[in-house]
Amino acid sequence: MLILESSIVLHESTDTLIYYQPDSIYDVPIVVKVLKVPYATTERIEQFNNEYDIGKNLTITGVRKVLGKTMVDTTLGKKIALHLAFFDGETIAKLIKIQ
C-alpha cells in the first residue's frame with residue numbers, strides 16, 4: 001500500500017487531492033489522485049471507478065495515462081487512489097489566465 005505522507009500535493013479541489021510521487025512501482029514519476037472527503041458517497045466512488053475503467057484504455061496525447069488503482073494511507077485513513085502518469089505541464093486554468 002502506498003503511503004502519501006512524504007508526497008507533494010500538486011492540486012487540491014473540493015473533493016480530491018492530487019499528489020506527486022517521484023518514485024513508483026512503474027519506474028516513472030506518477031501522480032496519485034485520492035478522494036479527499038472522509039466518507040465518499042457510493043456515487044462518487046462509482047465515478048472514481050469509472051474514471052479508472054475508462055482511462056486505463058485511453059491513449060490520447062495530452063491525457064494522463066491511468067496506470068493503476070490501489071488503496072493508500074492518508075491522514076484521513078485508507079482511501080481509494082488512481083495512479084496516473086506524470087508529465088510536466090500547465091493547468092488549463094493557468095493557461096486561460098495567461099491568455
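Above this note sits the structure.
In short, a report on the structure. Here the structure is a predicted model, which means the values were calculated and not measured.

### Notes on the pairing of strand β4 (residues 30-35)
With six of six residues buried, β4 lies mostly within the body of the structure. The alternating pattern of β4 places I30, V32 and V34 on one face and V31, K33 and L35 on the opposite face, and all of these are buried. Relative to β4, strand β3 (residues 16-21) is paired through six bridges, and the arrangement is antiparallel. Its bridge partner lying in β4, Q21 is registered against I30. Direction of pairing for β4 relative to strand β6 (residues 77-85): antiparallel, over a ladder of five bridges. If you follow K33 over to β6, its bridge partner there is L82.

### Some remarks on the environment of V9
In this structure, V9 sits in strand β2 (residues 8-12). Accessibility expressed as a relative area gives 43% for V9, which makes it partly exposed. Distance in space between the C-alpha atoms of V9 and Y20 is 6.3 Å, their sequence separation being eleven residues. When neighbours within four sequence positions are excluded, V9 is seen to be in contact with L17, I18 and Y19.

Calculation notes
Residues numbered from 1 in each chain as written. Predicted model: local features only at pLDDT ≥ 70, side-chain atom pairs only at ≥ 80, totals over all residues. Heavy atoms only, no water. Buried < 20%, exposed > 50% of the residue type's maximum accessible area, 1.4 Å probe, protein only. Helix = DSSP H or I, 4+ residues; strand = E, 2+ residues; numbered from the N terminus. Pairing = 2+ DSSP bridges. Contact = heavy atoms within 4.5 Å.

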